[in-house]
Amino acid sequence: MGNTQVHANEPKFVRVPADGVKVATLKEGDGTTYPMKGQRARVVYEGTTESGKPYAGTGYFPVGMGGIDKCLDSSVRNMSVGETARVTCSPDVHYQPLADVYAKQGIPHATRTFTLQLLGVKSCNSVDGC
């Protein structure tokens, strides 16, 4: 057997949380803190579309509430805090339910591959205004 080298950007494992979504773990998280429906997930993401158009973002979004595209939501719901993953989404998954918003921003209806890091989660209530 030859030498096998593991590179930092090679996935540790791959999972498919929904049709059209593939999540390849690049860096494992804490393994205990997973976002739950109704919480807000703090994420950082960056990538390029098939056409080479770059995009990036950071911030909080509501988990499991339809406030973000299905790809990002299903990916982050299966990650633990601190995890970094390479996510690949088919156009039909990432474009719903925000097709109109993405079209106005010039984001093409295409497969997306991006790096996603889950920085934290917080519970929301009427006091903190989530």
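Please refer to the structure placed before this passage.
What counts, and where the lines are drawn
Residues numbered from 1 in each chain as written. Predicted model: local features only at pLDDT ≥ 70, side-chain atom pairs only at ≥ 80, totals over all residues. Heavy atoms only, no water. Disulfide = S-S within 2.5 Å. Helix = DSSP H or I, 4+ residues; strand = E, 2+ residues; numbered from the N terminus. Buried < 20%, exposed > 50% of the residue type's maximum accessible area, 1.4 Å probe, protein only. Core = buried A, V, L, I, M, F, W, Y, C linked by side-chain atoms within 4.5 Å. Contact = heavy atoms within 4.5 Å. Polar contact = N/O pair within 3.5 Å; in protein donor to acceptor, adjacent residues only side chain to side chain. Phe/Tyr/Trp six-rings, centres within 6.5 Å; stacked < 30°, edge-to-face > 60°. Lys NZ or Arg CZ within 6 Å of the ring centre and 35° of its normal. Pairing = 2+ DSSP bridges.

J.: Please explain the state of the cysteines as it appears in this structure.
T.: Two cysteines form a disulfide when their sulfur atoms are joined by a covalent bond. One pass over the full model with this rule turns up 1 disulfide. Shown here is the disulfide that connects Cys71 with Cys89, its sulfur atoms set 1.4 Å apart. Taken together, the residues span a long stretch of sequence, with Cys71 in helix H1 (residues 70–76) and Cys89 in strand S5 (residues 84–89) at a distance of 18 residues. Across the pair, exposure class does not vary: Cys71 and Cys89 are buried alike.

J.: Even after reading the chapter, I still don't get the nonpolar core, so can you show me in this structure?
T.: A general tendency of soluble globular proteins is for nonpolar side chains to be buried together. With 18 residues, the main nonpolar core has Ala41, Val43, Phe61, Val87, Phe114, Leu116 and Leu118 as its most contacted residues. Going through the elements one at a time, strand S2 (21–27), strand S3 (40–49), strand S4 (54–62), H1, S5 and strand S6 (112–122) are the ones with two or more residues in this core. The contacts of Ala41, once residues within four sequence positions are left out, are Gly59, Tyr60, Phe61, Val63, Val76, Leu118, Gly120 and Val121.

J.: Where do I start with the side chain of Ser74 in this structure?
T.: As for its position among the elements, Ser74 is in helix H1. Residue classification places Ser74 among the buried residues on the basis of a relative accessible area of 14%. A distance of 3.3 Å separates a polar atom in the side chain of Ser74 from the backbone oxygen of Cys71.

J.: Is there a simple way to think about the side chain of Thr84 in this case?
T.: On the secondary structure map, Thr84 appears in strand S5. When neighbours within four sequence positions are excluded, Thr84 is seen to be in contact with Ala24, Thr25, Leu26, Lys27, Met79, Thr115, Leu116 and Gln117.

J.: Explain the packing of aromatic side chains to me, please; I cannot follow it from the model alone.
T.: Each aromatic ring pair is characterised by the separation of its centres together with the angle its planes make. Overall, the coordinates contain 3 aromatic pairs when judged by the stated rule. Between Tyr45 and Tyr55 the ring centres are 6.5 Å apart and the planes differ by 45 degrees, which places this aromatic pair in the tilted class. One end of the pair, Tyr45, is in strand S3; the other, Tyr55, is in strand S4, and 10 residues separate them in sequence. For Tyr55, a relative accessible area of 16% translates into the label buried. Judged by centre distance (6.3 Å) and plane angle (65 degrees), the ring pair of Tyr55 and Phe114 falls under edge-to-face. Of this pair, Tyr55 sits in strand S4 while Phe114 sits in strand S6, and the two are 59 residues apart along the sequence. Among the aromatic residues, ring-to-ring pairing joins Tyr45, Tyr55 and Phe114 into one connected group. Sitting over the ring of Tyr60, Lys122 keeps its end group 4.7 Å from the ring centre.

J.: Looking at this structure, I do not really get the pairing of S5. What am I missing?
T.: Along any regular strand, the residues point their side chains to alternate faces of the sheet. Of the strand pairs in this sheet, S2 and S5 are connected by 6 bridges, and their pairing is antiparallel. Within S5, the residue paired with Thr25 across the bridge is Ala85. Here 6 bridges tie S5 to S6, and the two strands are oriented antiparallel to one another. The residue of S6 that forms the bridge with Arg86 is Thr115.

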